[in-house]
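Overview (structure and organization)
Chain residues, written in single-letter form:
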There are 2 protein chains.
Amino acid sequence: MKSKVSRLRHKIKRLETLINTSMVFSGILDIDELLDTVMQKAEEVMDAEASSVFRIDERRKDLYFITARGEKGKEAKEIRVPMGKGIVGWVAKHGKPLLVPDVRKDRRWFRGVDEKTKWVTRSIVAVPLIVKGKVIGVAEVLNKKRGRHFDKGDLELFAALGNQIAIAVENASLYSDLDNLFLSSIRAIVEAVDAKDPYTRGHSGRVVEYALMIGHAVTRSKEKLKEIEISSILHDVGKIGIPDRILGKPGRLTRREERYMERHPEFSAAIIEPIEMLKKLTANILHHHERLDGDGYPSGLRGKEIPFVARIICVADAFDAMTTDRPYRRRRSRKAAFQELKRHSGTQFDARLVNILIREIKKQQLA
Amino acid sequence: MKSKVSRLRHKIKRLETLINTSMVFSGILDIDELLDTVMQKAEEVMDAEASSVFRIDERRKDLYFITARGEKGKEAKEIRVPMGKGIVGWVAKHGKPLLVPDVRKDRRWFRGVDEKTKWVTRSIVAVPLIVKGKVIGVAEVLNKKRGRHFDKGDLELFAALGNQIAIAVENASLYSDLDNLFLSSIRAIVEAVDAKDPYTRGHSGRVVEYALMIGHAVTRSKEKLKEIEISSILHDVGKIGIPDRILGKPGRLTRREERYMERHPEFSAAIIEPIEMLKKLTANILHHHERLDGDGYPSGLRGKEIPFVARIICVADAFDAMTTDRPYRRRRSRKAAFQELKRHSGTQFDARLVNILIREIKKQQLA
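Anyway, here's the lowdown on the structure attached to this text. (Residues numbered from 1 in each chain as written. Chains lettered and ligands numbered in written order. Predicted model: local features only at pLDDT ≥ 70, side-chain atom pairs only at ≥ 80, totals over all residues.)

Let us look at the packing of helix α7 (residues 203-218) of chain B against helix α15 (residues 351-366) of chain B. Residues and elements named next belong to chain B. Direction vectors running N to C along α7 and α15 enclose 105°, while the axes themselves pass 9 Å from each other. On the basis of the axis angle, α7 is roughly perpendicular to α15. Along the contact surface, α7 presents Tyr210, Met213, Ile214, Ala217 and Val218, while α15 presents Leu353, Ile356, Leu357, Glu360 and Ile361. Looking at side-chain class alone, the contact of α7 with α15 contains nine nonpolar, no polar and one charged residues. (Axes fitted to C-alpha atoms, helices over the stretch in contact; angles between N-to-C directions. Helix = DSSP H or I, 4+ residues; strand = E, 2+ residues; numbered from the N terminus. Parallel < 35°, antiparallel > 145°, perpendicular 65-115°, else oblique. Contact = placed C-beta atoms within 7 Å. Nonpolar A, V, L, I, M, F, W, Y, C, P; charged D, E, K, R; others polar.)

Have a look at this one:
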């Protein structure tokens, strides 16, 4: 009787852990961070040495790692598992959880991954990730710690956990799909605006690329990087409001036309401003043509008065303008553009950001 | 000893229910559907007669119902609860769960809602909804069935459920924020394109409105309605590619200019096509100027060959064009536009959709 009570108590403890675990992770929408947290918790609850999550590639009819934790995780991540092959492939194909107390005694066991990674698998619990009746992937834990083997209780617990993982993965995917939709739609429309002037075709896309090169060097904050990306993709959207005869003029603009052209940051800002969630990016866009010495437009801001992201876009924008053809001049070489950026560092451009962009582009050329 | 085991078994059963419940609901990103499912399950698990979820309005410093289930749910939904007032206000203010076995014996109890709704509350369990350390709302269940009162076990269970609800609400909010961002950004840019020609200012927004009037009358599928909304907001985005001298020409277009103008659905489709998630809307946009009799453009499709959503946009688009000024004519009255739409039903427009739009607009005028 005593042991029955203690067994039930143990079960309650594990169920409670499970509930607390699911609370921790279902609130995270970043899929990498999410899965790492999930599987770390899973290893804790399951007392496992390593764990992996696979996603099914419907087109290629195989599975690829989206998370591989443990000593040999990095090596494992390169490998793809055919549908139906090995334990993971079996679980994906049949959509059923599987307990393998000792892999050497299971004929479904496939040595391939261990051979490639020099890892020794002893025991596996693998569960299908099912969303709305469809298998989208597989989660597994490997090797119960202290030389033990997984048992039926482990299978039951991990199956419940698998349901949570499936939902979390699906939520994160839905979110990331929508995020991609947002960015790619904005981008497609902005590209159409850029393409009105053959000389600026592809400009905004390249400015995003350069701005993110600088961004990755100065911050690891995903939120900040997103801010840089969205601000730079939208910096010239206001060109929608510039008449064709100015935008596409074959030759230098008159002073009057130039003054009109210089209103494009205001037009861009005016488009963004009413969008509640983008309001905070307005200043990044409005001020991307300011100069450190105060001689820029539209507001004549100086130095640190200019928002940081606006200073990034300014350097990225100028570099792309220099290295592409214009009606009145051929494009400069990258080397010449670097010199030009340096010459105007401290007066027009933020010297630190110029140096970072040059360094990052050189790094990329070497790669 | 027997009773201890059966108590533990009972607890396990409830924990398992809780885990299964959380699996059902954390996968739903539609907040209304989600909360209704969540609270229905909560009532089941808690054996409760009714339930509510409140969200905190930070600006107004009060709480409003986002879900109110039970007999008097509809009446309750109008009411706002000041922070700190009543059981719910107390839980929101202190961020702590609260068990009230008998409301008549609790001095925090506030009769106001019962008086307004003619509902009799006996017993309450209320828990704060906390995300990343911040109270975002309160969930409560009311009146344990069969005249019983809630107890400590109920409080414990509902507190765990509250954590799940909080995360689900937060996920759904994040998703719906991003969805709003997507739509409002597209809309802001398209409005800037419309505004290039003063005669079409606000056009796309109105076409969305008319198209959705038809949409709501023909389907309840949220997915289909979303398809109608996105397709109609983007139907004229290709006007970015039409030169100003044609787009803003004060007067009738020459045949040659008209032919260029008629390419705008192709331009719109070309912008949308590369966007993976919008690819399936391309046909809706490409064919919004087809005619049932095959005399439309760009493909001369006939009748049912024209995608359903394209036929909707066609009617909505024509109605807005008729009822707004053009350089070469004043706008028609709604009545005259209705006659015009009817006259061309069956040849240019889908008669059923014309009738629906007319009916819906008349309904709205009466309201």
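That was the structure; now back to the text.
Another point: unusual backbone geometry. Residue Tyr297 of chain A is joined to Pro298 of chain A through a cis peptide bond whose omega torsion reads 5°. Relative to the helices and strands, Pro298 of chain A is located in the loop between α12 (282-286) and α13 (308-322). Look at Lys61 of chain B: it is not a glycine, yet its phi comes out positive at around 55°. Mapping Lys61 of chain B onto the fold places it in the loop between β1 (48-57) and β2 (62-69). Residue Asn143 of chain B is not a glycine yet carries a positive backbone phi of 55°. Locating Asn143 of chain B in the fold gives a position in strand β6 (residues 134-144).

Residue and element names in this part refer to chain B. Two strands pair when backbone bridges link them, and β1 and β2 are joined in this way by seven bridges, in the antiparallel orientation. Its bridge partner lying in β2, Val53 is registered against Thr67. In textbook terms, the turn of a hairpin is the stretch between consecutive antiparallel strands, and for β1 and β2 this stretch comprises four residues, one of which, Lys61, has a positive phi near 55°. As paired elements, β2 and strand β3 (residues 80-82) share three bridges and run antiparallel to each other. The residue of β3 that forms the bridge with Leu63 is Val81. (Pairing = 2+ DSSP bridges.)

Right, let's talk about the sheet that holds strand β1 (residues 48-57) of chain A for a bit. All names here are of chain A. Strand order in the open sheet formed by six strands is β3-β2-β1-β6-β5-β4, and the pairing between neighbours is antiparallel. Two strands bound the open sheet, and with one partner strand each, they are β3 (80-82) and β4 (98-100). Here the average twist between neighbouring strands, direction ignored, is 25°. Contacting β1, β2 (62-69), β3, β4, β5 (124-131) and β6 (134-144), helix α4 (residues 86-94) crosses the sheet at an angle of about 30° to β5. Most of the contacts of helix α6 (residues 152-194) go to β5, to which it runs at about 35°, and overall it touches β1, β4, β5 and β6.

In this section: helix α8 (residues 222-234) of chain A. Along its 13 residues, α8 of chain A runs 18 Å from first to last C-alpha, staying within 8% of the 18 Å computed at 1.5 Å per residue. Residues of α8 of chain A that are buried sit in contact with α6, α7 (203-218), α11 (264-272), α12 and α13 of chain A. (Expected span 1.5 Å × (residues − 1).)

Residues and elements named next belong to chain A. Orientation of α13 relative to helix α15 (residues 351-366), taken along the N-to-C sense of each, is 50°, at an axis distance of 10 Å. The angle between the axes of α13 and α15 places the two elements in the oblique class. Between α13 and α15 lies a crossing of right-handed hand. Facing α13, whose interface residues are Arg311, Ile312, Val315, Ala316 and Phe319, α15 presents Leu353, Val354 and Leu357. Grouping the amino acids of the contact of α13 with α15 by side-chain chemistry returns seven nonpolar, no polar and one charged. (Left-handed = near helix turned anticlockwise from the far one by under 90°.)

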